[in-house]
Amino acid sequence: MFDKDEETEEKWADDIKLDFEEEGSKHGKLVSVKVMCKETGGKIYASFKSLEGAASCAANLAGRWFDKRQLRVEFVADA
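1. Remarks on the overall build of the protein
A tally of regular secondary structure across the protein gives two helices and four strands. Counting all 79 residues of the protein, 28% fall into the buried class. Taking the contacts inside the protein whose residues are at least 6 apart along the sequence as the reference set, 43% of them involve residues at least 24 apart. With the model as given, the accessible surface of the protein reaches about 5900 Å², and the carbon-plus-sulfur share is 48%.

In structure tokens:
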């Protein structure tokens, strides 16, 4: 979703988090959103209150393009 090495603005991770929260909340109640800003790969982890909300968000975002990058969605177990 992003490349940490290309981001130059201060607080860019906060901006990406807000963008995701805005888009993700259209599909269900978000419990948490974490931008993995120090790792390669442009990952965001999001938890929803319901499986239905997570599935709706995943279906809507999978394959979409964001900043010249195609989004990929995977479900992971809570750590």
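2. Considering the nonpolar core
Where a protein is soluble and globular, its nonpolar side chains tend to be buried together. One finds F20 and I44 to be the most contacted residues of the largest nonpolar core, which totals 13 residues. Put simply, the parts of the chain that give this core at least two residues each are α1 (12-24), β1 (30-35), β2 (44-48) and α2 (51-61). Top contributing element to this core by residue count: α1, with four residues.

3. Notes on the side chain of H27
With respect to the element layout, H27 can be found in the loop between α1 and β1. When its relative accessible area of 19% is taken as the criterion, H27 is described as buried. At 3.1 Å, the side chain of H27 forms a polar contact with the side chain of S56. If we ignore the near neighbours within four places in the chain, the residues touching H27 are G53, S56, C57 and N60.

4. Some thoughts on a negative patch on the surface
A cluster of acidic residues, E9, D14, D15, D19 and E22, forms a negative patch at the surface. Residue position: D15 is located in helix α1. Using a relative accessible area of 38% as the deciding quantity, one classes D15 as partly exposed.

Definitions and limits used
- Residues numbered from 1 in each chain as written.
- Predicted model: local features only at pLDDT ≥ 70, side-chain atom pairs only at ≥ 80, totals over all residues.
- Heavy atoms only, no water.
- Helix = DSSP H or I, 4+ residues; strand = E, 2+ residues; numbered from the N terminus.
- Buried < 20%, exposed > 50% of the residue type's maximum accessible area, 1.4 Å probe, protein only.
- Contact = heavy atoms within 4.5 Å.
- Areas by Shrake-Rupley, 256 points an atom, 1.4 Å probe, with all protein chains shown as cover.
- Core = buried A, V, L, I, M, F, W, Y, C linked by side-chain atoms within 4.5 Å.
- Polar contact = N/O pair within 3.5 Å; in protein donor to acceptor, adjacent residues only side chain to side chain.
- Patch = residues over 30% accessible without salt bridge, like charges linked within 9 Å, V, L, I, M, F, W, Y side chains within 5 Å.
- Salt bridge = Lys/Arg side-chain N within 4 Å of Asp/Glu carboxyl O.
- Lys, Arg positive; Asp, Glu negative; His and termini not counted.
- Charge placed at Lys NZ, Arg CZ, Asp CG, Glu CD.

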